[in-house]
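Coordinate analysis (summary)
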Amino acid sequence: MRSDRKQREREERKRTKTKFGHVTRFWSWIFLLVAAAFAGLLVYANILPKKYLYAALGVLGVIVLILFPILFLFRVRNGKKGAAFVISLLITALLVIGGRYLVGTLSFIGNITDIGLKLDKYYVVVRDDGQYEELSDIGGSVLAYYRNGADFEGAMSQLQNKVTITPTDYDSLPVMVDALLGGDVNATFMSSSNYESTKEVREGFEDDTKILDTISIRLSISSIAKPVEVSREPFNVVISGLDFEGNFDAYTSGRSDVNMVATVNPKTHQILLTSIPRDYYVPLAMNGEYDKLTHTGVYGVDETVNTIAKLTGVEINYYMRVNFSTVVTLVDAIGGIDITPEMSFTTVDGAYSFEGGVETHVDGTQALAFARERKAFSEGDFQRNRDQQIVMAAILKKVTQSSTLLLNYTDILAAVEGNMATNLSAADIKELVRAQADEMSGWNIETQNILGVGSMEPCYSAGYAYASVVLQDADSIATATARIREVMEAE
């Protein structure tokens, strides 16, 4: 009887072992497929330096070679199989999480890479007196227009397909605006650049009028990138800060209120930030007419880049477009930044105060308030430029720290995505990531400002109405560009 019981126990253990063996054999194939998929994704992502990539693939290969046979073969004891099964479950979970990080990284790179298109916008503008509430209300009316924009005729054609109007041409934008506000005409049609400029030169214009309809024309722009090997060769990036909050897509344009040239030398690990006043009085690259630098952003980032290149005589390789939301979300994502204000001040709205010479930890909202303030200073926009550089340098310093990248990686991606666009290619971005991961060293960040003197001058986008501008200082431009070249040529 005892022998029969032992026999039954042996047979039960054998059946149990066989059942568990079938489970682990099935799981071994899943484990192998997950490991292979992760390895393929890691190679495809191409964001790790080769020494780390080969090490990761080697470690993963060794793990698979050890665990797969244990899970697959029936003759291995259940205890050993059980341990291998638990370990493989944990490793699979890590690989899945890592795979999601890689997929998120690739999605992020794809979403911030600009697609070479822009929207040329035109507005139907009326007085905000309740007479007109929707586009159909102006049907049969005279519509005054000022011809300006890359495809004004196309925009007018689209408008006439939507509503019947009698177009009347005005040679002067200020005269047309006077006619609208004075009641001589009831509806006007103008480019977004003319509208934005008029808001600056005519106090109360935005409050006294409303946009009844928007016509958008998609325009293709030729590539303005001048690619280099970003991990080995120096390059210049125009940083254009648009004057609005919220997400924007590749087509969005707006006044470029922040204009910096970031000169990056990967050989010396040096970054030079050169700020240009938003109201700098410059000849537009597209036609040579003089206007504020900030207005170039309404014509598209290509106009901003080309105008800055013409102003400085420096080759611009890439651009990066950000907005107010970028600062808030990115600073919050990295746990805030440490800034040292040059002087004590309270923002004009009274919301925030900063003490000069004292290092202060700020969150995203505070950082934006610090970077945007100009009315609290006698030097106005010149001090704001310096404060913007303080914020930018603090962000760069913290983001390039390895600990920040590791602990806040997904938060950083989520913060920037939707609030930034660049013409750096996906390959360029991956190359920069690999280079930083390979060296894990900090950067020396230097700042400088191009200066000028205030004046009142006619501006092209305002229909040659006079506006407050900053006239060029030839010596300041020459000094700044000379320093840019020194940084680029350093070995």
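The structure under discussion appears in the preceding block.
Anyway, here's the lowdown on the structure attached to this text. (Residues numbered from 1 in each chain as written. Predicted model: local features only at pLDDT ≥ 70, side-chain atom pairs only at ≥ 80, totals over all residues. Heavy atoms only, no water.)

Comments concerning the overall build of the chain
For the chain, the count of helices and strands is 14 helices and 19 strands. For 491 residues, the compact-globule estimate of 2.2 N^0.38 gives 23 Å, and the C-alpha radius of gyration of the chain, at 30 Å, exceeds that figure by more than 25%. For the chain, the spread of C-alpha atoms along the three principal axes comes to 115 × 60 × 45 Å. The buried share among the 491 residues of the chain stands at 48%. The contacts of the chain with a sequence gap of at least 6 include a subset with a gap of at least 24, amounting to 73%. Of the roughly 23,200 Å² of accessible surface on the chain, a fraction of 54% belongs to carbon and sulfur atoms. Taken as two groups, the 46 positive and 60 negative side-chain charges of the chain have centres that lie 22 Å from each other. (Helix = DSSP H or I, 4+ residues; strand = E, 2+ residues; numbered from the N terminus. Rg over C-alpha atoms; globule rule 2.2 N^0.38 Å. Buried < 20%, exposed > 50% of the residue type's maximum accessible area, 1.4 Å probe, protein only. Contact = heavy atoms within 4.5 Å. Areas by Shrake-Rupley, 256 points an atom, 1.4 Å probe, with all protein chains shown as cover. Lys, Arg positive; Asp, Glu negative; His and termini not counted. Charge placed at Lys NZ, Arg CZ, Asp CG, Glu CD.)

Points about the packing of aromatic side chains
Inspection of the entire model under this criterion finds 19 aromatic pairs. Put simply, the rings of Tyr122, Tyr145, Phe152 and Phe189 pair up and form one aromatic cluster. Directly above the ring of Phe72 sits Arg25, whose terminal nitrogen or CZ lies 4.0 Å from the centroid. Positioned over the ring face of Tyr44 is Lys430, at 5.6 Å from the centre of the ring. (Phe/Tyr/Trp six-rings, centres within 6.5 Å; stacked < 30°, edge-to-face > 60°. Lys NZ or Arg CZ within 6 Å of the ring centre and 35° of its normal.)

Quick word on the nonpolar core
Generally speaking, a soluble globular protein has its nonpolar side chains buried in company with each other. In this structure, Phe235, Tyr318, Ile337, Ile339, Phe370 and Val391 are the most contacted members of the largest nonpolar core, which totals 40 residues. For this core, the element with the highest residue contribution is helix α11 (residues 381–399), accounting for 5 residues. (Core = buried A, V, L, I, M, F, W, Y, C linked by side-chain atoms within 4.5 Å.)

Topic: the packing of helix α9 (residues 324–333) against helix α10 (residues 364–372)
Put simply, α9 and α10 touch, their axes get as near as 7 Å, and they point 140° apart. If you check the angle between α9 and α10, you find them oblique. Regarding α9 and α10, the two cross each other, and that crossing is right-handed. Taken together, the residues of α10 that come into contact with α9 (itself represented by Phe324, Val327, Val328, Val331 and Asp332) are Gly364, Thr365, Ala367, Leu368 and Arg372. Tallied by class, the residues present in the contact of α9 with α10 amount to 6 nonpolar, 2 polar and 2 charged. (Axes fitted to C-alpha atoms, helices over the stretch in contact; angles between N-to-C directions. Parallel < 35°, antiparallel > 145°, perpendicular 65-115°, else oblique. Left-handed = near helix turned anticlockwise from the far one by under 90°. Nonpolar A, V, L, I, M, F, W, Y, C, P; charged D, E, K, R; others polar.)

Re the pattern of salt bridges
Taken as a whole and assessed by the stated rule, the structure comprises 21 salt bridges. Lys199 is paired through a salt bridge with Glu196; the nearest N and O atoms lie 3.2 Å apart. Taken as a pair, Lys199 and Glu196 lie in helix α6 (residues 192–201) at a separation of 3 residues, close to a single helical turn. With a relative accessible area of 14%, Glu196 lands in the buried category. (Salt bridge = Lys/Arg side-chain N within 4 Å of Asp/Glu carboxyl O.)

Overview of the pairing of strand β8 (residues 270–275)
Of all 6 residues that make up β8, 6 are buried, and the element is covered over most of its length. Burial along β8 is two-sided: Gln270, Leu272 and Thr274 and Ile271, Leu273 and Ser275, pointing in opposite directions, are all buried. In textbook terms, the turn of a hairpin is the stretch between consecutive antiparallel strands, and for strand β7 (residues 256–265) and β8 this stretch comprises 4 residues, one of which, His269, has a positive phi near 55°. Where β8 and strand β17 (residues 444–449) come together, 6 bridges link them in parallel fashion. Counterpart to Thr274 in the pairing with β17 is Gln448. (Pairing = 2+ DSSP bridges.)

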